[in-house]
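Each chain, letter by letter, is given below.
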Amino acid sequence: MLSIKQKDDIRKKAKEFPGHRSVSLPALYIAQSGKGYIDRKDIEEIAGILSISYAELYGIASFYNLIHRKPIGKFHIQVCTNISCSLLGAEHLLTRLEKKLGIREGGATADGIFSLESVECLGSCDKAPVMMINEKFHEALTEKKLSRILASLKEKAE
Ligand code: FES
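Because the structure is predicted, anything quoted here is derived from the model rather than measured.

What to know about the pairing of strand β1 (residues 75-80)
- Of all 6 residues in β1, 6 are buried; the element is thus mostly enclosed.
- Residue alternation in β1 divides its side chains into two sets, F75, I77 and V79 and H76, Q78 and C80, and both sets are buried.
- Relative to strand β2 (residues 114-119), β1 runs parallel, the two sharing 6 bridges. Bridging from a neighbouring strand, I77 pairs with L116 of β2.
- Alignment of β1 against strand β3 (residues 131-133), held across 3 bridges, turns out to be antiparallel. Opposite V79, over in β3, you have M131 as the bridge partner.

Have a look at this one:
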(Lines give C-alpha, C1' and ligand atoms only; values in the text may rest on other atoms or scores of the structure.)
Protein backbone atom coordinates (compact mmCIF):
# COMPACT_ATOMS: atom_id res chain seq x y z
CA MET A 1 0.00 0.00 0.00
CA LEU A 2 1.39 3.40 -0.96
CA SER A 3 1.91 6.14 1.61
CA ILE A 4 0.22 9.52 1.18
CA LYS A 5 3.64 11.01 0.38
CA GLN A 6 4.31 8.41 -2.31
CA LYS A 7 0.92 9.11 -3.89
CA ASP A 8 1.62 12.86 -3.82
CA ASP A 9 5.08 12.29 -5.30
CA ILE A 10 3.59 10.22 -8.13
CA ARG A 11 0.98 12.91 -8.87
CA LYS A 12 3.70 15.58 -8.89
CA LYS A 13 5.91 13.46 -11.15
CA ALA A 14 2.98 12.90 -13.52
CA LYS A 15 2.78 16.67 -14.09
CA GLU A 16 6.39 16.67 -15.35
CA PHE A 17 5.68 14.13 -18.09
CA PRO A 18 3.72 14.58 -21.30
CA GLY A 19 1.41 11.60 -20.78
CA HIS A 20 0.51 9.39 -17.85
CA ARG A 21 1.99 6.29 -19.51
CA SER A 22 5.42 7.91 -19.69
CA VAL A 23 5.55 8.34 -15.91
CA SER A 24 4.95 4.65 -15.25
CA LEU A 25 8.56 3.75 -14.54
CA PRO A 26 9.33 6.75 -12.26
CA ALA A 27 6.07 6.01 -10.44
CA LEU A 28 7.09 2.40 -9.90
CA TYR A 29 10.45 3.59 -8.52
CA ILE A 30 8.68 5.93 -6.12
CA ALA A 31 6.48 3.06 -4.94
CA GLN A 32 9.47 0.76 -4.58
CA SER A 33 11.41 3.29 -2.51
CA GLY A 34 9.24 2.47 0.50
CA LYS A 35 9.70 -1.20 1.26
CA GLY A 36 12.14 -2.15 -1.51
CA TYR A 37 9.62 -3.88 -3.74
CA ILE A 38 6.13 -3.41 -5.13
CA ASP A 39 3.14 -5.68 -4.69
CA ARG A 40 -0.19 -6.10 -6.44
CA LYS A 41 -1.88 -3.42 -4.34
CA ASP A 42 0.86 -0.88 -5.17
CA ILE A 43 0.43 -1.55 -8.89
CA GLU A 44 -3.35 -1.18 -8.58
CA GLU A 45 -2.96 2.13 -6.76
CA ILE A 46 -0.45 3.53 -9.25
CA ALA A 47 -2.61 2.41 -12.18
CA GLY A 48 -5.54 4.23 -10.55
CA ILE A 49 -3.54 7.44 -10.07
CA LEU A 50 -2.24 7.37 -13.65
CA SER A 51 -5.53 6.19 -15.18
CA ILE A 52 -3.89 3.29 -16.97
CA SER A 53 -4.76 -0.38 -16.77
CA TYR A 54 -3.33 -2.73 -14.19
CA ALA A 55 -2.22 -5.09 -16.97
CA GLU A 56 -0.27 -2.38 -18.76
CA LEU A 57 1.50 -1.26 -15.59
CA TYR A 58 2.15 -4.85 -14.52
CA GLY A 59 3.72 -5.46 -17.94
CA ILE A 60 6.12 -2.57 -17.36
CA ALA A 61 6.88 -3.64 -13.77
CA SER A 62 7.65 -7.20 -14.83
CA PHE A 63 9.88 -6.13 -17.74
CA TYR A 64 12.48 -4.17 -15.80
CA ASN A 65 15.11 -5.94 -13.65
CA LEU A 66 15.28 -3.04 -11.24
CA ILE A 67 11.62 -3.22 -10.31
CA HIS A 68 11.19 -5.94 -7.71
CA ARG A 69 7.89 -7.69 -7.19
CA LYS A 70 8.84 -9.52 -4.03
CA PRO A 71 11.05 -8.72 -1.05
CA ILE A 72 14.76 -8.66 -1.82
CA GLY A 73 17.88 -8.88 0.34
CA LYS A 74 20.08 -6.01 1.42
CA PHE A 75 22.34 -7.23 -1.39
CA HIS A 76 20.25 -8.30 -4.37
CA ILE A 77 22.35 -10.34 -6.78
CA GLN A 78 21.17 -10.57 -10.37
CA VAL A 79 23.11 -12.95 -12.58
CA CYS A 80 22.66 -12.63 -16.33
CA THR A 81 22.08 -16.05 -17.89
CA ASN A 82 21.46 -14.83 -21.43
CA ILE A 83 23.48 -16.14 -24.35
CA SER A 84 26.85 -14.34 -24.05
CA CYS A 85 27.02 -14.84 -20.30
CA SER A 86 25.72 -18.39 -20.58
CA LEU A 87 28.44 -19.31 -23.09
CA LEU A 88 31.03 -18.01 -20.63
CA GLY A 89 29.79 -19.93 -17.60
CA ALA A 90 26.96 -17.90 -16.05
CA GLU A 91 25.01 -20.99 -14.96
CA HIS A 92 28.08 -22.37 -13.24
CA LEU A 93 28.56 -19.07 -11.38
CA LEU A 94 24.89 -19.07 -10.43
CA THR A 95 25.24 -22.57 -9.00
CA ARG A 96 28.33 -21.47 -7.07
CA LEU A 97 26.38 -18.57 -5.61
CA GLU A 98 23.50 -20.87 -4.64
CA LYS A 99 25.94 -23.12 -2.80
CA LYS A 100 27.85 -20.30 -1.13
CA LEU A 101 24.68 -18.54 0.02
CA GLY A 102 22.72 -21.71 0.81
CA ILE A 103 19.72 -20.57 -1.21
CA ARG A 104 18.18 -21.34 -4.59
CA GLU A 105 17.79 -18.92 -7.46
CA GLY A 106 14.76 -16.72 -6.71
CA GLY A 107 15.29 -16.99 -2.98
CA ALA A 108 16.78 -14.97 -0.14
CA THR A 109 18.87 -15.83 2.89
CA ALA A 110 16.96 -16.13 6.17
CA ASP A 111 18.73 -13.08 7.59
CA GLY A 112 17.56 -10.98 4.62
CA ILE A 113 21.11 -10.04 3.65
CA PHE A 114 21.27 -11.72 0.23
CA SER A 115 18.77 -12.52 -2.50
CA LEU A 116 19.62 -14.18 -5.78
CA GLU A 117 17.96 -14.02 -9.17
CA SER A 118 18.85 -15.00 -12.73
CA VAL A 119 17.95 -12.33 -15.25
CA GLU A 120 17.97 -11.68 -18.97
CA CYS A 121 20.65 -9.60 -20.69
CA LEU A 122 22.03 -6.79 -18.54
CA GLY A 123 23.41 -5.01 -21.61
CA SER A 124 27.07 -5.63 -20.94
CA CYS A 125 27.54 -8.68 -23.18
CA ASP A 126 31.08 -7.74 -24.24
CA LYS A 127 32.17 -8.14 -20.63
CA ALA A 128 30.35 -11.41 -19.95
CA PRO A 129 29.69 -13.08 -17.64
CA VAL A 130 27.99 -10.29 -15.76
CA MET A 131 26.01 -9.79 -12.58
CA MET A 132 24.55 -6.81 -10.80
CA ILE A 133 24.49 -6.38 -7.06
CA ASN A 134 21.94 -3.73 -6.25
CA GLU A 135 22.81 -1.12 -8.88
CA LYS A 136 26.48 -1.99 -9.36
CA PHE A 137 27.75 -4.05 -12.30
CA HIS A 138 30.35 -6.80 -11.85
CA GLU A 139 31.77 -7.87 -15.19
CA ALA A 140 34.11 -10.49 -16.64
CA LEU A 141 33.35 -12.70 -13.66
CA THR A 142 35.43 -15.67 -12.68
CA GLU A 143 34.96 -17.98 -9.72
CA LYS A 144 37.84 -16.27 -7.96
CA LYS A 145 36.36 -12.82 -8.55
CA LEU A 146 32.96 -14.04 -7.38
CA SER A 147 34.42 -15.35 -4.11
CA ARG A 148 36.20 -12.04 -3.51
CA ILE A 149 33.04 -10.02 -4.12
CA LEU A 150 30.97 -12.25 -1.86
CA ALA A 151 33.55 -12.13 0.93
CA SER A 152 33.60 -8.34 0.75
CA LEU A 153 29.79 -8.17 0.93
CA LYS A 154 29.69 -10.55 3.89
CA GLU A 155 32.19 -8.28 5.64
CA LYS A 156 30.03 -5.23 4.94
CA ALA A 157 26.94 -7.03 6.21
CA GLU A 158 28.51 -7.70 9.64
S1 FES B 1 24.13 -11.66 -22.31
FE2 FES B 1 24.77 -11.19 -20.30
S3 FES B 1 24.96 -9.04 -20.34
FE4 FES B 1 24.18 -9.52 -22.30
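Some words on the sheet that holds β2
- Ordered in space as β2-β1-β3-β4, the 4 strands form an open sheet in which the pairing is mixed. Lying at the two open borders of the sheet, with one neighbouring strand each, are β2 and β4 (136-138). Across the sheet, the axes of successive neighbouring strands diverge by a mean angle of 20°, strand direction being ignored.
- Across the face of the sheet, helix α6 (residues 90-101) comes into contact with β1 and β2 while running at roughly 155° to β1.

Some details on the packing of helix α3 (residues 40-50) against helix α4 (residues 54-63)
- Where α3 contacts α4, the two axes come as close as 9 Å, and the packing angle between them is 120°. Viewed along their axes, α3 and α4 adopt a mutual orientation that is oblique. Considering how the two elements wind past one another, α3 and α4 form a crossing that is right-handed. Facing I43, E44, I46 and A47 of α3, the residues of α4 in contact are Y54, L57, Y58 and A61.
- Here the residues of the contact of α3 with α4 sort into 7 nonpolar, no polar and 1 charged.

Re the domain arrangement of the chain
- Splitting the chain by domain gives domain 1 (4-63) and domain 2 (75-157).
- The C-alpha centroid of domain 2 is placed 28 Å from the C-alpha centroid of domain 1.

Considerations on the packing of helix α2 (residues 24-35) against α4
- Direction vectors running N to C along α2 and α4 enclose 70°, while the axes themselves pass 10 Å from each other. Relative to α4, α2 is oriented roughly perpendicular. For the pair α2 and α4, contact is made by S24, L25 and L28 and by L57, I60 and A61, respectively.
- In the contact of α2 with α4, the residues fall into 5 nonpolar, 1 polar and no charged.

About the cut-offs
- Residues numbered from 1 in each chain as written.
- Predicted model: local features only at pLDDT ≥ 70, side-chain atom pairs only at ≥ 80, totals over all residues.
- Buried ≥ 20, exposed ≤ 12 C-beta atoms within 10 Å, placed from the backbone.
- Helix = DSSP H or I, 4+ residues; strand = E, 2+ residues; numbered from the N terminus.
- Pairing = 2+ DSSP bridges.
- Axes fitted to C-alpha atoms, helices over the stretch in contact; angles between N-to-C directions.
- Contact = placed C-beta atoms within 7 Å.
- Parallel < 35°, antiparallel > 145°, perpendicular 65-115°, else oblique.
- Left-handed = near helix turned anticlockwise from the far one by under 90°.
- Nonpolar A, V, L, I, M, F, W, Y, C, P; charged D, E, K, R; others polar.
- Domains from an automatic or database assignment.

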